[in-house]
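Chain residues, written in single-letter form:
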Amino acid sequence: MGGIARDDRQLTLIYSSNTRVGKHTLSYLQGIDEKIEAIDISKVKVTGTQWVELAKAMGKEVGDLVDKRKMEDKDTNTSEFGTDDWIKILQNNNEVLTQPIAINGKRTEQIENPPDVMNFFGVESAGIEKTMHTEKPNIAPKTEDENFK
């Protein structure tokens, strides 16, 4: 993976397919018409420089991108870890990424709830046109034997 795309017309999602939030966030994006660059960190290695760039763009440290509860499960003391340690952890344990990271132009944000990715990328109702309340519903029977009474 080269540099991180920073184009207003490019929608990028960095996620792990080994996490529930990552898989669900990607599934929301697969239904829209826009071209999405989905980077699954379980299959594509993100460089240390890119992790630092992503964290900095969000006003965070690289260690803030790691779900430390996952590290506690492994009885690892993380209190003395530095940036290089967190990078190695992310590169070797993709499931510890706290939330997927969405990028669009200069905007970079972690997505806490999968549906929030639609708001980040400016997609309304998963790309479905809003027609409710502007057109009356068609409730006429479609076959002869339907009775709506």
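Residues numbered from 1 in each chain as written. Predicted model: local features only at pLDDT ≥ 70, side-chain atom pairs only at ≥ 80, totals over all residues. Heavy atoms only, no water.

Re helix H2 (residues 48–57)
Here is step 1: Within H2 the residues assigned to the buried category are Gly48, Gln50, Trp51, Leu54 and Ala55. Looking down the long axis of H2, one finds its buried residues gathered within 160° of arc, a one-sided arrangement. Along H2, exposed side chains directed more than 90 degrees from the buried face belong to Thr49 and Lys56.
Here is step 2: Along its buried surface, H2 packs onto strand E1 (11–15), helix H4 (83–92), strand E3 (101–104) and strand E4 (107–110).
Here is step 3: A positive backbone phi angle near 70° is found at Gly59, which sits one or two residues after H2. (Buried < 20%, exposed > 50% of the residue type's maximum accessible area, 1.4 Å probe, protein only. Helix = DSSP H or I, 4+ residues; strand = E, 2+ residues; numbered from the N terminus. Arc of directions from axis to C-beta. Contact = heavy atoms within 4.5 Å.)

Details of the packing of aromatic side chains
Here is step 1: Enumeration over the complete set of coordinates arrives at two aromatic pairs.
Here is step 2: When the ring of Phe120 is compared with that of Phe121, the centres are 5.0 Å apart and the planes differ by 75°; the resulting orientation is edge-to-face.
Here is step 3: A cation over a ring is seen here: Lys68 above Trp86, with NZ or CZ 4.8 Å from the ring centre.
Here is step 4: For Arg107, the ring lying beneath its charged end belongs to Phe120, and the centroid distance is 4.0 Å. (Phe/Tyr/Trp six-rings, centres within 6.5 Å; stacked < 30°, edge-to-face > 60°. Lys NZ or Arg CZ within 6 Å of the ring centre and 35° of its normal.)

Structural notes on the sheet that holds E3
Here is step 1: Strand order in the open sheet made by the four strands is E2-E1-E3-E4, with mixed pairing throughout. Each having just a single partner strand, strand E2 (36–40) and E4 make up the two edges of the open sheet. Taken over all neighbouring pairs, the strand axes of this sheet differ in orientation by 15° on average, direction set aside.
Here is step 2: Where E1 lies against E2, five bridges are found, and the strand directions are parallel. Note on E2: the bridge partner recorded for Thr12 is Glu37.
Here is step 3: Along the sheet, helix H1 (residues 20–29) contacts E1 and E2; its crossing angle with E1, the most-contacted strand, is approximately 160°. (Pairing = 2+ DSSP bridges. Axes fitted to C-alpha atoms, helices over the stretch in contact; angles between N-to-C directions.)

Overview of the pattern of salt bridges
Here is step 1: Enumeration according to the criterion identifies four salt bridges in this entry.
Here is step 2: The residue Lys43 makes a salt bridge to Asp40 at a minimum N-O spacing of 3.4 Å. (Salt bridge = Lys/Arg side-chain N within 4 Å of Asp/Glu carboxyl O.)

A short note on the nonpolar core
Here is step 1: If you look at the biggest cluster of nonpolar residues, it comprises 20 residues, and the most contacted ones within it are Ile14, Trp51, Leu65, Leu90 and Ile101.
Here is step 2: Put simply, the parts of the chain that give this core at least two residues each are H2, H4 and E3.
Here is step 3: The element contributing the most residues to this core is H4, with four residues.
Here is step 4: Residue contacts for Trp51: discarding those within four places in its chain leaves Ile14, Ile41, Val46, Val62, Leu65, Ile87, Leu90, Gln91, Leu97 and Ile101.
Here is step 5: Counting 13 residues, the second largest nonpolar core, distinct from the first, contains Leu13, Tyr15, Ala102 and Phe120. (Core = buried A, V, L, I, M, F, W, Y, C linked by side-chain atoms within 4.5 Å.)

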